[in-house]
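# Fold and contact review
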Protein chains: 2
Amino acid sequence: MNLQEKTVKKNYVYRGKIVNLRVDDALLPDGKPCKREMIEHPGGACVLFVREGKILLVRQFRYAYGEELLEIPAGKLNPGEDPAVTAARELEEETGYIPEKVNLLYTMYPTPGYTNEKIYIYEAEGARAGKEHPDEDEFITSSFYPADEVCRMIERGEIRDAKTIIAVQHYLLKGKGLL
Amino acid sequence: MNLQEKTVKKNYVYRGKIVNLRVDDALLPDGKPCKREMIEHPGGACVLFVREGKILLVRQFRYAYGEELLEIPAGKLNPGEDPAVTAARELEEETGYIPEKVNLLYTMYPTPGYTNEKIYIYEAEGARAGKEHPDEDEFITSSFYPADEVCRMIERGEIRDAKTIIAVQHYLLKGKGLL
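Not measured: the values here are computed from a predicted model.

Right, let's get into the sheet that holds strand E11 (residues 119–125) of chain A. Residues and elements named next belong to chain A. Here four strands make up an open sheet; going across it, the order is E9-E5-E11-E10 and the pairing mixed. A strand with exactly one partner marks an edge of an open sheet, and here the two such strands are strand E9 (74–76) and strand E10 (101–108). Averaged over all pairs of adjacent strands, the angle between strand axes in this sheet comes to 25°, irrespective of strand direction. The pairing of E10 with E11 spans seven bridges and is classified as antiparallel. Paired with Lys 101 across the bridge in E11 is Glu 125.

With that settled, consider the pattern of salt bridges. Residue and element names in this part refer to chain B. Per the counting criterion, the structure on display carries 26 salt bridges over all chains. Between Arg 89 and Glu 81 there is a salt bridge whose closest N-O contact spans 2.7 Å. Here Glu 81 falls in the buried class, since its relative accessible area comes to 16%.

Contacts between chain B and chain A engage 70 residues on the former and 70 residues on the latter. For the pair chain B and chain A, the two sides together bury roughly 6,500 Å², of which 65% comes from carbon and sulfur. Contact with chain A buries area across many residues of chain B, yet B:Tyr63, B:Tyr65 and B:Tyr109 alone supply 13% of it, more than any other trio. Our enumeration of links across chain B and chain A arrives at zero salt bridges. It is helix H3 (residues 162–175) of chain B that contributes the most residues to the side of chain B that touches chain A, eight residues altogether.

Here is what the cut-offs are and how they apply
Residues numbered from 1 in each chain as written. Chains lettered and ligands numbered in written order. Predicted model: local features only at pLDDT ≥ 70, side-chain atom pairs only at ≥ 80, totals over all residues. Heavy atoms only, no water. Pairing = 2+ DSSP bridges. Helix = DSSP H or I, 4+ residues; strand = E, 2+ residues; numbered from the N terminus. Axes fitted to C-alpha atoms, helices over the stretch in contact; angles between N-to-C directions. Salt bridge = Lys/Arg side-chain N within 4 Å of Asp/Glu carboxyl O. Buried < 20%, exposed > 50% of the residue type's maximum accessible area, 1.4 Å probe, protein only. Contact = heavy atoms within 4.5 Å. Buried area = accessible area lost by both parts, 1.4 Å probe.

Structure follows, in structure tokens:
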């Protein structure tokens, strides 16, 4: 079965700092015309750092939800930036920890119905403590949480961020030799 | 530490079929003015259905990525709709299976930097086969895949959708008594 949709014309409605919005003219697989709303985003990278069984999480206010969320450190890719560099940079900016190395776990698509954002999920190896220095419009605190407590917070719905759930579930599965 | 940001004025740039875009005037925790780009979305629901160790996945073209993706069945909430109703409806529309019951596993935030979308992840119990009837602009095929194969596809990056990874990792952890 042919599932492909074709772009006829890209129409930019908004070009912003974080996202662009397009409402394209497209063709469905059966050739009928349709409109497709989509967000262009440069991509993001995040990093799981575990030290002595404790997971490093950052707390910040997320405007879109009007809530403070607990998440693994993360940020947006600069133009042309290797996501591994983004991951290491964001870990340092948000928490002060400087990793020796980061390893890619997953390339994740957060909500494929309307965004082209790719989120690169890394784990950090051998990070040493330094001084955090967030962007001037970022207000962030960070702490280590025992992995089993993080797992319970996910199950109770106290941690809801997709990249964080995936990274923590990966850590649990890996730790039990299931991956 | 006060992390709260305050809305000064909501500014709608676009109101669409799937998303609205706002670029709000807001105040940072230190009182300085800032702009906040955000997507309004009504929310989505999805459903994990496992039969005899096999997971039901749908394949569809995702315009924003220009790729066919494998995902668990999912769809957008109608205005005022209970997400459990959405989950059961989408399972039937996309695959023909009618669940006896759906249980909420997680309320997930896909990418909290710019969207307010909440994705409700359910598992289906006791679904019986019927006839699928997708929306007229949806072109979808569905199949059952052995859970260990789905796990390998996630690890190899062949399945990248966040809600699907979370639901499958949950299934694996639960199956091993780890949740």
